[in-house]
Amino acid sequence: MAEVTLTGITKRYGNDVALNDVTMTVPDGSFVVLLGPTGAGKTTTLRMVSGLDTPDLGTVTIGGRDMAGLMPAQRDVAMVFQQYSLYPHLTVRQNLEFPLKSPILKTSQKEIDRKVGEVGEMLQISHKLDNKATALSGGEMQRVSIGRALVRDPAVFLMDEPLSSLDAKLRADLRVELKSIQADSGATLLYVTHDQIEAMTMATHVGVLDKGRLVQFGPPREIYEQPVSIYAASRLGQPRINVLPAEVFGGAPEGARTIGLRPEQIRQGDGEESRVERVERLGDQTRLHLRFKSHDIVTVTDAHTELKPGDRVKIRPEKPFYFDASGARLA
Amino acid sequence: MTDTSIDKLARATPKTVARRIKGLSDRGIAWLFVAPTIFLLLAVNIFPLIWTIRLSFTDFRVNRPNRDVEWVGLRNYERILTDPDIWATMQATAHFLFWTIVFQVLIGFFLAFLINKKFKGNDLWTTIIVFPMMLSPAVVGNFWTFLYQPQIGLFNYVVAFFTGVDPASFSMIGSVNLAPWAIVIADTWMWSPFVMLICLAGLRSIPDSIYEAAECDRASKWRQFWTITVPMVLPFLMLAVLFRGIENFKMFDLVVQLTGGGPGNTTTLTSIDLKREAFERWRTGYSSAYAVILFVTVFGLASIYVKALNKVKER
């Protein structure tokens, strides 16, 4: 296990800047989730660390060692690919054994069998071990591809949206499983996703990427409570943060262009009046879609609320975020 | 769903045609459409096959149509299978078939492997490499006779350049020992690009990410080649071998043009021999039996092979 640092990483593909001066430290034993929409540079970051691509500028170190010029094999990284990348002519077992059969490792067959059995058990694919890799469903393939990384004990795990094609229940199971594997083994894990629930539940640190720039890096709680910009604020939290012109409520500080309100920053019961447009009952919570001075607001209310469309609710901001014209948060 | 284009088409059909079609069931219409093809197939494929099999039991000669045809039973087959000359042509064919396939697979795969690397101008190179394939076999045969010419031939010159032997001291076409190799070399020159193209399709079908995964799994290039590249290209390669095998079993034009089957009978492949029996000696019944034997051989080998190919594909 090792610490991973990226310093001033810049990568261009033709005229597209995939990564722009990204600097971050993935502490030893941490679970870092990179968050951002498609094209933000998440996968490129993983490829820089894995050595599948080399940065135009900047350095990557793993465990204090400069990785410049080193091949993926020399970096001791295990990667889970979004498109599974299983070896199609091999069975599930052979796929899982593949990394262990590297001559660098010299693992005994007994040890290989034990590890493959263990990982198969964990990922619920034991009964499929002797199937062809191509004869699996998408979710099974993805589990095999996760398993292929987990059989190893690398310096760092790199995972590119490993849970994206699983069904909701399995995804929830594996979220817990991955988190506990990481916590138990103390592995360093760099994980790419656009699913904020994965980020919130598993990460020790979240890196928010926007068009190749790392805009914020820190514990998920911190990013949720102290976002640096509208962009970072809207990565986390469900329902999403409401962004309105700053002057609708009054009391905005100097230079504020917009006000950001998470559901818990909207106090119900006093303040100014809004109209209930829609009531979404999700069971454990109920979402209110409000119309306020020709702006739409989504917030959360008591699960057993009596409110119906057309009702009036008074709302007032409580410790809201203010953002300036560029979208940056005002302290 | 009521106004699909098929409905529109049906309404647009002229009344008279519609009335005529009305009496036909779907099955009837289906038969109507396939009938011309089936007729053609029967006329030019199935009927001649059956007729050949029938003739193979007789002593019919097509240049003496008025002579009484005698039923000779299996005598034609017996004579062919016990004829040492025919076994020699079979051997020549096997030699040709085996070595052309070996060389074309090795060279074709190697070229595909090189061309598949991303470098500047590889499209141009592909076109250049594929060029021999586009020529007529007769033309290729003809100009290889020049290349093999002992005094002025480029081939002899190149061999001489690398080995130091006198270029005029050997003749690829005139020598009993060299002639079988002369046809192998010419055919390999012409058809390796074909194997390359098919292998290239195979290589291009392997996603980069599989190699990247192997790279992260610390597999050496050597191991990647044997555990990813070869198994994934194998079905394509086997298909190329099937095509080349069937083609070369029937090889005629290139070899006739190049060596004419000589010297002696050293490059007389079965199809050349068969043509002589049928259209020079006019032993129609006998050559029919010969053709049936060849047909059964190539059909048998091909079906065994296709079975193996399907097994590989399933893996």
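This is a predicted model, so every value here is computed, not measured.

Draft legend 1. Inspection of the overall build of chain B at higher detail. Broken down by element type, chain B carries 14 helices and 0 strands. In sequence order, chain B lays out its α and β elements as α-α-α-α-α-α-α-α-α-α-α-α-α-α. Expected size for 315 residues packed as a compact globule is a radius of gyration near 20 Å; at 26 Å, chain B overshoots this value by more than 25%. Among the 315 residues that make up chain B, the fraction classed as buried is 27%. Counted over contacts in chain B with a minimum sequence separation of 6, partners at least 24 positions apart contribute 71%.

Draft legend 2. Unusual backbone geometry, seen in detail. Residue and element names in this part refer to chain A. The omega angle of the peptide bond from Gln 238 to Pro 239 is -5°, so this bond is cis rather than trans. Located in the positive-phi region is Glu 161, a residue other than glycine, with phi close to 45°. Structurally, Glu 161 is set in the loop between β7 (156-160) and α6 (168-185). At Lys 293, a residue that is not glycine, the phi angle is positive and equals roughly 45°. Taking the C-beta count within 10 Å as the criterion, Lys 293 has 12 such neighbours and is therefore assigned exposed.

Draft legend 3. Local environment of helix α9 (residues 179-204) of chain B. In this model, α9 of chain B (26 residues) spans 37 Å end to end at C-alpha, consistent with the 38 Å of a helix rising 1.5 Å per residue. If you look at α9 of chain B, its biggest bend is around 40°, right at Met 190 of chain B, and the proline Pro 193 of chain B turns up within four residues after that.

Draft legend 4. Seen up close, the sheet that holds strand β1 (residues 4-13) of chain A. All names here are of chain A. Here 4 strands make up an open sheet; going across it, the order is β2-β1-β4-β5 and the pairing antiparallel. Pairing within the sheet leaves two strands with one partner each, and these edge strands are β2 (16-26) and β5 (65-66). By the bridge criterion, 7 bridges tie β1 to β2 in an arrangement that is antiparallel. Bridging from a neighbouring strand, Tyr 13 pairs with Asp 16 of β2. Of the strands in this sheet, β1, β2 and β4 (57-62) are in contact with helix α1 (residues 42-50), which crosses β1 at around 115°.

Draft legend 5. Geometry of the packing of helix α6 (residues 122-134) of chain B against α9 of chain B. All names here are of chain B. Interaxial distance between α6 and α9 falls to 7 Å at its minimum, and their mutual angle equals 125°. Accordingly, the angle class assigned to the pair α6 and α9 is oblique. Where α6 crosses over α9, the two elements pack in a sense that is left-handed. Contacts from Ile 129, Val 130, Pro 132 and Met 133 in α6 reach Trp 189, Met 190, Trp 191, Pro 193, Phe 194, Met 196 and Leu 197 in α9. Split into classes, the residues belonging to the contact of α6 with α9 amount to 11 nonpolar, no polar and no charged.

Draft legend 6. Highlighting the confidence of the model for chain B. When pLDDT is averaged along chain B, the result is 88, and 96% of the positions lie at 70 or above. Listed scores for the predicted complex are pTM 0.78 and ipTM 0.82.

Draft legend 7. Representation of the sheet that holds strand β15 (residues 295-301) of chain A in the model. All names here are of chain A. Read from one edge of the open sheet, 4 strands run β15-β14-β13-β16, paired in antiparallel fashion. Of all strands in the sheet, those bounded by a partner on one side alone are β15 and β16 (312-317). Adjacent strand axes in the sheet meet at a mean angle of 50°, parallel and antiparallel pairs treated alike. Here strand β14 (residues 286-292) pairs with β15 via 7 bridges, running antiparallel. Bridge pairing in β15 links Arg 291 to Asp 296.

Rules of the game
Per-chain numbering applies: the sequence of each chain, read as written, is numbered from 1 onward. Whichever chain is written first is A, and whichever ligand is written first is 1; the rest continue in order. In view of the model being predicted, local features appear only for residues whose pLDDT reaches at least 70, and side-chain atom pairs are presented and counted only at 80 or more, with totals across whole chains, interfaces and linings using the full set of residues. Think of it this way: any DSSP run of H or I at least four residues long counts as a helix, any run of E at least two long counts as a strand, and we number them from the N terminus. Radius of gyration: C-alpha atoms only; globule rule: 2.2 Å multiplied by the number of residues to the exponent 0.38. Buried residues are those with 20 or more other C-beta atoms within 10 Å of their own C-beta, exposed residues have 12 or fewer, and partly exposed residues lie in between; C-beta atoms are placed from the backbone. By definition, residue pairs are in contact when their C-beta atoms, positioned from the backbone, come within 7 Å. Residue count minus one, scaled by 1.5 Å, sets the expected span of a helix. Two axes define the bend at a residue: one fitted to the seven residues ending there, one fitted to the seven starting there, and the bend is the angle between them. Should DSSP find at least two bridges between two strands, the strands are regarded as paired. The axes are straight lines fitted to the C-alpha atoms, using for helices just the contacting stretch, and the angles between their N-to-C directions are given from 0 to 180°. An angle counts as roughly parallel when it lies under 35 degrees, as roughly antiparallel when it exceeds 145, as roughly perpendicular when it falls between 65 and 115, and as oblique in every other case. Should the near helix be turned counterclockwise from the far one by less than a right angle, the crossing is left-handed, whereas a clockwise turn marks it as right-handed. When residues are sorted by character, Ala, Val, Leu, Ile, Met, Phe, Trp, Tyr, Cys and Pro go into the nonpolar class, Asp, Glu, Lys and Arg into the charged class, and all the rest, Gly among them, into the polar class. Per-residue confidence from the predictor is reported as pLDDT, which spans 0 to 100.

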